[in-house]
Amino acid sequence: MLELTVSGNTRTFDMDDPKLPDWVEDEAFGAGDYPYEGKLKRTDYNEQMAALHLEMVKLQTHRLANGKRIIIIFEGRDAAGKGGTIGAVREYLNARHCRTVALPKPTETEQGQWYYQRYIEHFPTDGEMVLFDRSWYNRGGVEPVMRFCTRQQHTQFLDQTSDFEKMIVEEGIAFFKIWLNVGQEMQMKRFHDRRHNPLKSWKLSPIDLKALGKWDDYTKARDQMLEATHTDHAPWAIVRSNDKRRARVAVMRHVLSRLDYPEKNAAAIGTEDPLIIGSGPKFLNEMGA
């Protein structure tokens, strides 16, 4: 049994109770910082994604032919939808040239290396797209909150990351940073689903459960990280992810709209929804998240 502060109210939440509290269900959509009352309709989602997948295939074909590289990093709180969004991006791409990188905790050897080193080892070669399911930004969020790094290491990370990412961009790699922003009630709903769905139980870790009581700490770390690392050369795209369908559409549109390739169909890509996706800390402030 957990006692949590949710949207300014003290709430009791029993993760082991198979019945989800009504207040979680009621407030996951249409409350707080989310602008829609429910999910994007399945038929609309399927239609939009079919068009976007075709554009992603065109993009990959062009990048392969020209040896151009892409890195997309996906960050956000636990249960924000990173893995599912990555899966949607990759669904129809050639897996030989599109990789997902989801690194475990660093080994003893890696702990003795330059912090960014183990991530650089997974950077793309000619024609590749690499999608990071969490990245070096672990040191901007979970590590300082859970005290897996020192205060000095965290400060150094915030100071150095902008220069590190400038090198990535100057190397000619198309570089995208996606922050999936999930609401507190929706995070609780997804954690509860993982706890009671045998097919998803592997997704729920002890760290996830600890995170439930550290919402404000994660918010503070997120805001500090975004303020220090949202730059002209490597901006953050903030995506509201209470609705996974809208989030996936938004991410694919964001990437496709910013890269050129032959026979690009701008009408099929569509326009970004300003209620769902925006740029950096300013968008977070506007949504009050």
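Each residue is numbered by its place in its chain's sequence as written, counting from 1. Totals for whole chains, interfaces and linings use every residue, but because this is a predicted model, local features are given only for residues with pLDDT of at least 70 and side-chain atom pairs only at 80 or more, for both listing and counting. Values shown for side chains rest on all heavy atoms present in the structure; no hydrogens or waters enter the calculation.

(A) The packing of aromatic side chains, seen in detail. In this analysis, rings of Phe, Tyr and Trp, with Trp reduced to its six-membered ring, are considered paired at centre separations within 6.5 Å, and the interplanar angle assigns stacked below 30 degrees, edge-to-face beyond 60, and tilted for intermediate values. Inspection of every chain in the model, using the stated rule, returns 20 aromatic pairs. Judged by centre distance (6.0 Å) and plane angle (55°), the ring pair of Y115 and Y119 falls under tilted. Across this residue pair, the class does not change: Y115 and Y119 are buried. Each ring, one from Y137 and one from W236, has its centre 4.8 Å from the other, and the planes form 70°; the classification is edge-to-face. A residue pair is termed long-range when its members are at least 10 positions apart, and Y137 in the loop between β5 (129–133) and α6 (142–146) and W236 in strand β7 (residues 236–240) qualify at 99 residues. Each residue gets one of three labels from its accessible area relative to the maximum for its type: buried under 20%, exposed over 50%, partly exposed in between, using a 1.4 Å probe on protein chains only. Its relative accessible area of 2% is what places Y137 among the buried residues. Only runs of H or I of at least four residues qualify as helices and only runs of E of at least two qualify as strands under DSSP, and these elements are numbered from the N terminus.

(B) Looking closely at the sheet that holds strand β8 (residues 277–279). Spatially, 6 strands are ordered β4-β5-β3-β6-β7-β8 in an open sheet, and the strand pairing comes out mixed. Each end of this open sheet is capped by a strand with a single partner; those strands are β4 (98–101) and β8. With strand direction ignored, the average angle separating the axes of adjacent strands in the sheet is 20°. The criterion for strand pairing is that DSSP finds at least two bridges linking the strands in question. Sheet topology note: the strand β6 (residues 174–181)/β7 ladder contains 5 bridges and is parallel. For W179, the partnering residue across the bridge sits in β7 and is I238. Angular values range over 0 to 180 degrees, each being the angle between N-to-C directions of two axes fitted as lines to C-alpha atoms, with helices fitted over their stretch in contact.

(C) Layout of helix α10 (residues 215–229). In this model α10 runs 21 Å from its N-terminal to its C-terminal C-alpha over 15 residues, within 8% of the 21 Å that 1.5 Å per residue would give. Where α10 is concerned, the buried positions are W215, Y218, T219, A221, R222, M225, L226 and T229. For α10, the arc enclosing every buried residue in end-on projection is 170°, short of the 170-degree limit, so these residues lie on one face. In α10, those exposed residues whose orientation departs by more than 90 degrees from the buried face are D216, K220 and E227. Here the expected length of a helix is defined as 1.5 Å per residue gap, with one fewer gap than residues. By definition, the arc is the one covered by directions from the helix axis to the C-beta atoms.

(D) Inspection of a positive patch on the surface at higher detail. What goes into a patch is any residue over 30% in relative accessible area without a salt bridge, connected to like charges within 9 Å or, for nonpolar side chains (Val, Leu, Ile, Met, Phe, Trp, Tyr), within 5 Å. Accessible areas in this description were obtained via Shrake-Rupley with a 1.4 Å probe; residue shielding takes into account the shown protein chains only. What makes a salt bridge here is a side-chain nitrogen of Lys or Arg within 4 Å of a carboxyl oxygen of Asp or Glu, nothing more. His residues and chain termini do not enter the charge count, which takes Lys and Arg as positive and Asp and Glu as negative. We put the charge of a Lys on NZ, of an Arg on CZ, of an Asp on CG and of a Glu on CD. Positive charge collects at one region of the surface, where K39, R42, K203 and K244 lie side by side. Within the secondary structure, K244 sits in helix α11 (residues 244–257).

(E) Representation of the packing of helix α3 (residues 82–90) against α11 within the structure. Two elements in contact, α3 and α11, have axes separated by 10 Å at closest approach and are oriented at 50°. With respect to α11, the axis of α3 lies oblique. Crossing of α3 over α11 shows right-handed handedness. Residues G84, T85, A88 and V89 of α3 form the contact with α11, whose participating residues are R248, V251 and M252. Of the residues contributing to the contact of α3 with α11, the split by class is 4 nonpolar, 2 polar and 1 charged. For this classification, under 35 degrees means roughly parallel, over 145 means roughly antiparallel, 65 to 115 means roughly perpendicular, and everything else is oblique. The hand of a helix crossing depends on one turn: near helix anticlockwise from the far one by less than a right angle means left-handed, and clockwise means right-handed. We call two residues in contact when some of their heavy atoms are within 4.5 Å. Residues are sorted three ways: Asp, Glu, Lys and Arg are charged, Ala, Val, Leu, Ile, Met, Phe, Trp, Tyr, Cys and Pro are nonpolar, and all the rest, Gly among them, are polar.

(F) Geometry of the nonpolar core. We call a set of buried Ala, Val, Leu, Ile, Met, Phe, Trp, Tyr and Cys residues a nonpolar core when their side-chain atoms join them within 4.5 Å. Counting residues in each nonpolar core, the largest one holds 40 residues, and the members touching the most others are I72, M129 and V239. For this core, the elements supplying multiple residues, two or more each, are α2 (42–66), β3 (70–76), α3, β5, β6, β7 and α11. Looking at which element gives the most residues to this core, the answer is α11, with 7 residues. Setting aside its immediate chain neighbours within four residues, M129 contacts M56, I70, I72, V89, L93, H97, C98 and R99. Within the second largest apolar cluster, 26 residues are counted, among which are I73, W136, Y137 and A234.

(G) Highlighting the pairing of strand β2 (residues 9–13). Alignment of strand β1 (residues 2–6) against β2, held across 5 bridges, turns out to be antiparallel. Residue pairing for β2: E3 is matched across the bridge by T12. Here β1 folds back onto β2, and the loop between the two strands holds 2 residues, one of which, S7, carries a positive phi near 50°.

(H) Region of the structure containing the environment of H192. Inspection of the secondary structure puts H192 in helix α8 (residues 184–196). Between the C-alpha atoms of H192 and P18, which are 174 residues apart in sequence, the distance is 8.0 Å. H192 has contacts with F13, D14, M15, D17, P18, K19 and L20, leaving out every residue within four places of it along the chain. Among the polar contacts listed, one links the side chain of H192 to the backbone oxygen of D17, at a separation of 2.6 Å. N or O atoms within 3.5 Å of each other form a polar contact, as long as, within protein, one can give a hydrogen and the other can take it, and as long as residues adjacent in sequence are counted only when both atoms are side-chain atoms.

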